[in-house]
Amino acid sequence: MTEKRIGVYVCNCGTNIANVVDCDAVAEAAADLPGVVVSRSYKYMCSNPGQEMITQDIRDEQLERVVVAACSPRMHEPTFRRAAETAGLNPYLVQMANIREQCSWVHDAGEMATEKAKDLVRAAVYRVTRHESLERLSVDMCPHTLVLGGGIAGMSAALELADAGKRVYLVERTKALGGNVARVDLTAPYLDSARDMMTDRVTRVIEHPDVSVMLESELEKLEGFVGNFKATISHHSSGEGPPIEVVDVGSVIVCTGYKEFDASRVTHFGYGKLPDVITSFEFEGMLKQGRIEMKDGRLPQYVAIVHCVGSRSEEFHGYCSRVCCMTALKYAHEVKSALPRTYVSDVYVDMHAFGKGCEDFYRRSAEVKTLFLMYGKGDHPVVRRADPGDDCEMLITVDEQLSGEQIELPADLIILMVGMEAREDSEQVTHLVNISQDKDGWFIESHPKLDPVATTTDGVYIAGACQAPKDIPDSVAQARAAAARILGKISRGKLEIDAMFAAVNEDLCSGCRVCNEICPYSAIEFDAETKRSHVISALCKACGACVATCPSAAIEAKHFTDEQIFAEIAGVLA
Amino acid sequence: MATRANPKLIEELEPYGAEDVMKCYHCGNCSAVCPFSADPYVFPRKPMRYLQMGLEDKLKGQLDPWLCYYCGECSDQCPRDAEPGETMMSLRRWLTSKYDWTGISRLFYQSWRWELGAIVLVAILTAIGFTLFGMSQGSLSAYDGPNAFLPSESVHVFDWVLAGVLMVFLLSNAARMWWFTMGRAKDLPTTLGSYIASLWMLPTHFFTQIRYSKCEHKGPWVTHLALMLSYVTMLVLIMFFLTDMASGPAIDWSVHVAGYLATAGLVLATILFLRNRAKKSSAQYRHSHESDWIFLVLILVVALTGILQHILHRSGLDAAANITYIVHLSLVVPMLALEVPFSKWSHLAYRPLAMYLAQVRATALSRARAGGVDPARPGAERHTQVHPI
Amino acid sequence: MSFEPRIVGFLCNWCSYSGADLAGTSRIHYRPNVRVIRVMCSARIDPTFVIKALAEGADGVLVCGCHPGDCHYSEGNYKTMRRMPLLKRMLEDFGIEEERVRLEWVSASEGKRFADIVDDMTERLRALGPSRVKLALAYDAVER
Amino acid sequence: MRIGVYVCRAGDVAGDGVNYESVVHYAANLPQVELVRSTGVMPKLDPEALADEITAEGVDRIVIAGDSPGFFKPAFTRAMVLAGGEPDEVRLASFREHGLGGDPATDRAKAILACAVYGVPFTLAAQPKDTKWNSAALVIGGGIAGIQAALEIADGGKRVYLVERSGTIGGHMAMFDKTFPTLDCAACILTPKMVAVGQHEMIDLLTYSEVESVTGVPGAFKATILRHARRVDEAACVACGLCSDACPVRVPSEFDAGIAERKAIYIPFPQAVPNAYLIDEASCTYVQTNGQKCGACKKKCPKDCIDLDAHGDVVQVEVGSVVVATGYETLDAGRLDRYGYGVHPNVLTALEFERLTNASGPTGGRIVTRTQQYNKRKKADEWVFDPDGPSPKSVAIIHCVGSRDINHNAYCSRVCCMYSLKFAHLVREKLPEAECYEFYIDMRAFGKGYEAFFDRIAEEGTFIVRGRSASVAEHDGQMYVKGEDILSDTLMEFPVDMVLLAVGLVPAARSDELAAMLGIPRDDYGWFTEADYNGDPTGTERGGVYVAGVCQGPKDIPDTVAQASAVAAKALEGAITGRGLQSVGSLTLTDIEERAKSLVPVS
């Protein structure tokens, strides 16, 4: 195998690497490796000058291969590939050695760390020598989108895309659009009408020529890949239309939302046992009906609102459900408005009034004389029946933190602010659209800060409360963000697919079809004529399972060939 | 044992001036900036918390409100305009009405009409009483001498009787204050020794109000002290030197000079206070309860009529002097009879007493803590098992 | 100077490699004896890789993949789970201590776990002493 | 149907430009309106009394109009039910929700009222006509929000003009060390995006520039952009730094939040994009003396790319959409004298600490206290961060500095709790011996993974004290933080060597001018007002102008990025279809009335 002209670039990452690894020594060592014609150490390879250094060398030194020893390839591989590309070098002829996350940041300064860095660089050099130029595939981008869930997030996303003239299939499991927001009367902190917003959205969605609303429907199967999905949707509604429908879509937005925490799982509030202990959603019902009453029809003299039911607790959910505090304050206002002579108390842990206008709202509810009692995180108030002679129905015992007293709070009506939790069908969704869940069941975004709406599966996005608890504005923003991603792709018409995929060498293929079975994406077809298998590149996700399985070593994983990996092994151990 | 919250109490307190306390979200800033707040008396936040939750007994048992001189630092820095200073003030009013077993104080604080009405009534009765008495004694045209309209000896006797009655009220209320704050607290290991050891605080704080000087701005302290000293001087003159005061027409400098100084002090101080309250010049003057106005105005007019009557007497206009004297007395009597035990005046007595008791209690607490138990920290009995339904 | 074992680690791109990266971003220190080779999925790890590594003089080989059920490619790690025991049995017949080859599940959020595994494995191998595989295996046995 | 209209104002909305009398009169003349009542500001409503009135008037739909009528709805709903009416028939006409003070204010109010009377959501009736749309977009502000928005739009193949006031994009995020709660380094996340912006063929990056004016209508805006004289050729400069070495002038570095110095010719930070130096004319001797003195840098420049006499120029661009992402500034801690910022050398603001603890900061990331040193140049003692200086033995972090305080910022700044916890982690990680205190009021750990982060910090041994400490004092060389430890019910004085002030966020300088220029309203605190709090959090009163990130209200990075992408959707819509909606202001009262009459909403 002929020797290639290789450039090695060792990044100091400011002091992140240089403090632990002797970068200059690494660069010098690399200089002596076969084929290496340039070897440099620099403060920030990722910076513009760093990248220019590389592109300059590629041109001046006619480099055929580039090795960058820096941070994790998950961080900057795209950056350096782009740099190589600008200098006319095929991006796949660049290899990174991860000497930061997996070396300088995890080892103490000294010989060992520097030696390890040298080994990793050597491995990269051996490997890159055996790299081949690869071409990205470009496939068509279907301009249609599948939106799962007809709540506020789903409808916002749908309208965003449809207004751009792109077809949307909006699949909703229930009989009606609206989701959880439709169960709400007013929204915090300005007490705007949720009903008006819903009417507006639902009307526009239903009347929009580019939105196909599919009620009482479910996604059964999602095949294909970004830009070219086939979605199988089943309609449960008895009546018009076929029970099963298959639509072509380029992208999928998952907006399946949340379900409220089941208050009966908590014993010490007496929910289900005491008639006048109700959940926030039950109270919304009362508000809509204009009847804030006790079960026996009397008006409550004392209303108590208990925060963090099922949230911020070790027993149930560790996380904060983000919207309950403001909703609770909203209830305080609403009770005071409907029943001016009623006393309202909020039993809370920390008042999460962080949103725009929320702190003002909090102050305002204090001004209308709401009594706030604070209990400790990890502790919980206890509800019991009041004794005969008390002027209330129930008593809430709280270890009140701000006074250090153990307080008995009178209550006639108790509202439990139930938190949000992942829907029980969300695991099923993850398998359908191939995304993952965190330990709480929320869908995982591809990056919490840089890509809060994308997922690890191209073309599948998440928006709204299915990613984590969220209020309406944040859900709408996410929904639009997802729409933006998709519009971006659509407006470019075509999509580039990574060139890393498997390929069958049909001369070696014995047609045993083991690979057909093994491929999780059924990307390998068996050709009855030639008695050989072949890979549908666009479907291949490059896991390489088939490569390792093929008894006759007939399959090659591009960019992860046996030869390349053997070279890498030899490199780290040489 | 859990304490029952009473969301209704705040409504009872509002007439006393506690209108903003519910705004407090307990950042703790006030207690930390207060120059008087120190272990074991951390306020204003803690009393405000008790008030928000309506823990009446806790509040009644508190000396903290009396340890506050209302310099206004807390209110100025409050992030939510919860007016901690004014809340302390309101609590003092409320406590005064709680100490008072007759219930009169409560009426006065809850409605200025009651207070004003009572003052007018007592004034009229006094006027009538003294006029009739005067007629029975001598002639209106004679101020002193054998035919005097109101012989100072008899007025003196009246003064002493009145003083006696007021003392009974004041002392019985003070006794209730002691009972609420100290007597009831069984777990408090107070000793007679500590009561005696701290006794010196009563006169000291009464006469110097030295704690007040810890405020950043000294002005209010000086004025307040001047007013109080003038008042006391006047009280002493009347209780012990009334005859010399009334004698004349020649000016007897040995006593009158004190009288002039006291009068000047009273007039200037009250005018200054009235001006500040009118202009709402700083935090402690921003909110004025009706009782504040009544008290100041009353003192002012008493001083003015007093000095007027004095001048008239010196200038030989006996009849006019006598009439003015009647007016003066009919203002003095309600001022003493109503303000001293039932209204704002009483803080003159309660505050030094509170500081004294606070000292005794603090000594007791430190002893208790040394012994491991801590009655000051209600936390002591927290975490008692509560049984779910 | 004590014996410093050399470990080759094959990590799947989605879980274990991110986990190793996380150990870095969280600055969780561990022994510098491991050399990581990234593959897209643990299912890509051909038994010959392991043999090659041992043959090239590695004292141990660490194979890490997503936890069962978490595989980015849905069931790649199950294949690995079946493959590795077979390989180990074979290697034992070659007289290679089974501790030298280790299969672990490390998720993207388990930086600490990865660090602990490396430390533990390093110490075990140190105790075990250098590998004699080079002699035990004919080099070209695995060359293709 | 008999309709009753009640005009109830929830707040004192003087100056909103709405003529309420005229609105009341208008209401009286709407079809089916039988009863109109004006209850004034903050009325104390008695549902029973209202019920009697409703029964008496036989009203079967109630419309509550006002700035925030929702505050009264429950009273009316109950009254309606008591009167035997339909609770659903209580409708809201919220002037604030739909652009209180929109132009013309009174007509807007009337239109909103009319829609409610007709039982049609205003947003549905007030759909502006669509118009031709220029596919290019102008993004104002080069922080993470601006960067994200620009990339989203440009990746859609549309032209973007990204205007940034300073010499580089990156904004505040570039200054940060780590980001909560994942603790990944900010630079690692941001630099790739910055580089991408610099390299993107669809993005025209205009740094060191400011928008002077924006004219035109949605879909066809003309923007005039003033490009300040950088005095260094952006393209030619290779950032070798020789010029800077030669420059004799030293001024506080903005990027290092003033805790380190830069030269008059400088590069904001090593990874700056564009990666070129620039001259700060305010401090440059040559510029200040009109070329009389200095000019050292020019002589040193090997590529001869410095033009000290260069002048700024003005460029005009035509765009369809404008994205406002101007971000924030931090509150001037000097305004709260009780914390002694500027008096005690070791009282730092959040940004100063970010730089101090940052590996690329002046101490290479070592957390040290300021020490007094003799400065030969200035011939005076000064307090400096010496990389080898002493580490603090105890650090206090004070939350809500100027936030949640009606004397300063009445609002919550949303990020301080979390970045304070992050600081605590960094302190404990770098100085395991040091004690660390957090003084807070409410621990607002609301986001994904935040609560877990909070728990982790607590486990790491940081003392988390409930109670915003009141003051920082110094006696005989030792700083003390005085505060009430509310949960343990005691006053405390903590001796500390370093105090970190979690200063709140305030709108960026000259937001007012920008708002006036673009015709978008701002709230009481100066943040740009979105078109509709829930329904349209990124749109504005002025169609075609969108807001993203903190300039709309404090928010953390994930929420900012989401918003930034969201605005891109709007811009792309116009760009793809070539058409978009005009502003609501383009509709007359009659337009809206007509549409409202004809509409039949689904619900």
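All values reported here derive from a predicted model rather than from experimental measurement. (Residues numbered from 1 in each chain as written. Chains lettered and ligands numbered in written order. Predicted model: local features only at pLDDT ≥ 70, side-chain atom pairs only at ≥ 80, totals over all residues. Heavy atoms only, no water.)

Considerations on the domain arrangement of chain A
How big an interface is tends to be stated in terms of accessible area lost as the parts join. We apply this condition: Residue ranges labeled as domains rest on an automatic or database domain assignment.
Each domain of chain A was delimited in the assignment, giving domain 1 (6-134), domain 2 (145-258 + 422-494), domain 3 (263-418) and domain 4 (502-558). Each of domain 1 of chain A and domain 2 of chain A has a C-alpha centre, and the two are 42 Å apart.

Regarding a nonpolar patch on the surface
How we decide: A residue counts toward a patch only above 30% relative accessible area and without a salt bridge, and it is joined to like-charged neighbours within 9 Å or, for Val, Leu, Ile, Met, Phe, Trp and Tyr, to nonpolar neighbours within 5 Å. We get accessible surface area from the Shrake-Rupley algorithm with a probe of 1.4 Å; when it comes to residues, only the shown protein chains can shield them. We define a salt bridge as a side-chain nitrogen of Lys or Arg found within 4 Å of a carboxyl oxygen belonging to Asp or Glu. To qualify as a helix, a DSSP run of H or I must reach at least 4 residues; to qualify as a strand, a run of E must reach at least 2; elements of each kind are numbered from the N terminus.
Side chains of Trp112, Leu116, Val120, Ile124, Ile128 and Leu132 of chain B sit close together on the surface and give an oily, nonpolar patch of about 540 Å² of accessible area. Counting through the fold element by element, Leu132 of chain B comes out in helix H9 (residues 112-137).

Remarks on the side chain of Thr207 of chain D
Residues and elements named next belong to chain D. What counts, and what does not: N or O atoms closer than or at 3.5 Å make up a polar contact, with two conditions inside protein: a donor-capable atom paired with an acceptor-capable one, and, for residues adjacent in sequence, both atoms drawn from side chains. Contacts were defined at the residue level, with two residues in contact if any of their heavy atoms lie within 4.5 Å.
With respect to the helices and strands, the residue Thr207 is situated in the loop between strand S10 (203-206) and strand S11 (209-217). Here the side chain of Thr207 touches Arg230 through a polar contact of 3.1 Å, side chain to side chain. Excluding its chain neighbours within four sequence positions, the residues that come into contact with Thr207 are Glu164, Ser166, Gly167, Thr168, Ile169, Arg227, Arg230, Glu234, Val273 and Pro274.

Remarks on the pattern of salt bridges
Formally: A 1.4 Å probe rolled over the protein chains alone gives each residue an accessible area, and that area as a share of the maximum for its type sets the label: buried under 20%, exposed over 50%, partly exposed in between.
Scanning the entire structure with this criterion turns up 120 salt bridges over all chains. Ionic pairing is found between Arg384 of chain A and Glu408 of chain A, a salt bridge with its closest N-O pair at 2.4 Å. Of the two residues, Arg384 of chain A sits in strand S20 (residues 382-385) while Glu408 of chain A sits in strand S22 (residues 406-411), which places them 24 residues apart along the sequence. Both residues of the pair, Arg384 of chain A and Glu408 of chain A, count as buried. A salt bridge links Arg4 of chain B to Asp390 of chain A, with the shortest nitrogen-to-oxygen separation between them at 3.1 Å. Taken together, the residues Arg4 of chain B in strand S1 (residues 3-4) and Asp390 of chain A in the loop between S20 and strand S21 (394-399) connect one chain to another. For Asp390 of chain A, a relative accessible area of 22% gives the class partly exposed. Connected through salt bridges with shared partners, the residues Glu359 of chain A, Arg80 of chain B together with Arg404, Asp442, Arg444 and Arg466 of chain D form a single ionic network.

What about the interface of chain A and chain D?
Rules: Computed with a 1.4 Å rolling probe, the buried area is the accessible surface lost when two parts are put together, summed over both parts. Amino acids are sorted into nonpolar (Ala, Val, Leu, Ile, Met, Phe, Trp, Tyr, Cys and Pro), charged (Asp, Glu, Lys and Arg) and polar (every other residue, Gly among them).
Counting from both sides, the interface comprises 102 residues of chain A and, opposite them, 107 residues of chain D. Roughly 8,400 Å² is buried in total at the junction of chain A and chain D, and carbon and sulfur atoms are behind 55% of that figure. The interface formed by chain A and chain D holds 16 salt bridges in total. The salt bridge partner of Asp455 of chain D is Lys377 of chain A, with a shortest N-O separation of 2.4 Å. The element that contributes the greatest number of residues to the side of chain A that touches chain D is helix H12 (residues 472-492) of chain A, accounting for 14 residues. Across the side of chain A that touches chain D, the residue classes tally to 44 nonpolar, 25 polar and 33 charged.

Observations concerning the arrangement of the chains
No other pair among the five pairs of chains in contact exceeds the contact count of chains A and D. At their nearest point, the C-alpha atoms of chain B and chain C are still 34 Å apart, with no contact between the two.

Some remarks on the sheet that holds strand S3 (residues 61-66) of chain D
All names here are of chain D. This is how it is decided: DSSP bridges decide pairing: two strands pair if at least two such bridges lie between them. Helix axes are fitted only over the stretch in contact, all axes being lines through C-alpha atoms; the angle between N-to-C directions runs from 0 to 180 degrees.
Reading across the sheet, the four strands line up as S2-S1-S3-S4 and stay open at both edges, with parallel pairing between neighbours. The sheet terminates laterally at strand S2 (33-41) and strand S4 (90-94), the two strands that pair on one side only. Here the strands of the sheet are splayed against their neighbours by 20 degrees on average, with no regard to which way each runs.

So, the side chain of His317 of chain A
Residues and elements named next belong to chain A. Position of His317 relative to the elements: it lies in the loop between strand S17 (302-309) and helix H9 (324-338). Residue His317 is classed as buried on the basis of its relative accessible area, which comes to 13%. Residues contacting His317, with those up to four places away along its chain left out, are Phe261, Arg265, Gly310, Ser311, Arg312, Met420 and Glu421.

Description of the environment of Phe240 of chain B
Residues and elements named next belong to chain B. Relative to the assigned elements, Phe240 resides in helix H13 (residues 219-246). Sequence-wise, Phe240 and Gln77 are 163 residues apart; in three dimensions their C-alpha atoms are separated by 47 Å. Apart from residues lying up to four places away in sequence, Phe240 is in contact with His156 and Trp160.

Observations regarding helix H16 (residues 290-314) of chain B
Quick reminder of the rule: For a helix, the expected span equals 1.5 Å multiplied by the number of residues minus one.
Helix length check: H16 of chain B, at 25 residues, gives a terminal C-alpha distance of 36 Å against a target of 36 Å (1.5 Å per residue), a fit within 8%. Looking at the residues trailing H16 of chain B, positive phi occurs at Gly316 of chain B, about 75 degrees.

Looking at the packing of helix H10 (residues 152-183) of chain B against H13 of chain B
All names here are of chain B. Convention followed: For classification, angles of less than 35 degrees are called roughly parallel, those exceeding 145 degrees roughly antiparallel, those between 65 and 115 degrees roughly perpendicular, and all remaining angles oblique. Two helices cross in a left-handed way if the nearer one is turned anticlockwise from the farther one by less than a right angle. They cross in a right-handed way if the turn is clockwise.
Between H10 and H13, the least distance of the axes is 9 Å, while the angle of their chain directions is 165 degrees. Considering the angle they form, H10 stands roughly antiparallel to H13. Judged by the sense of rotation from one axis to the other, the crossing of H10 with H13 is right-handed. Across the interface between the two elements, Ser152, Glu153, Val155, His156, Asp159, Trp160 and Ala163 from H10 touch Ile238, Met239, Phe240, Leu242, Thr243 and Ala246 from H13. When its residues are assigned to classes, the contact of H10 with H13 shows eight nonpolar, three polar and two charged.

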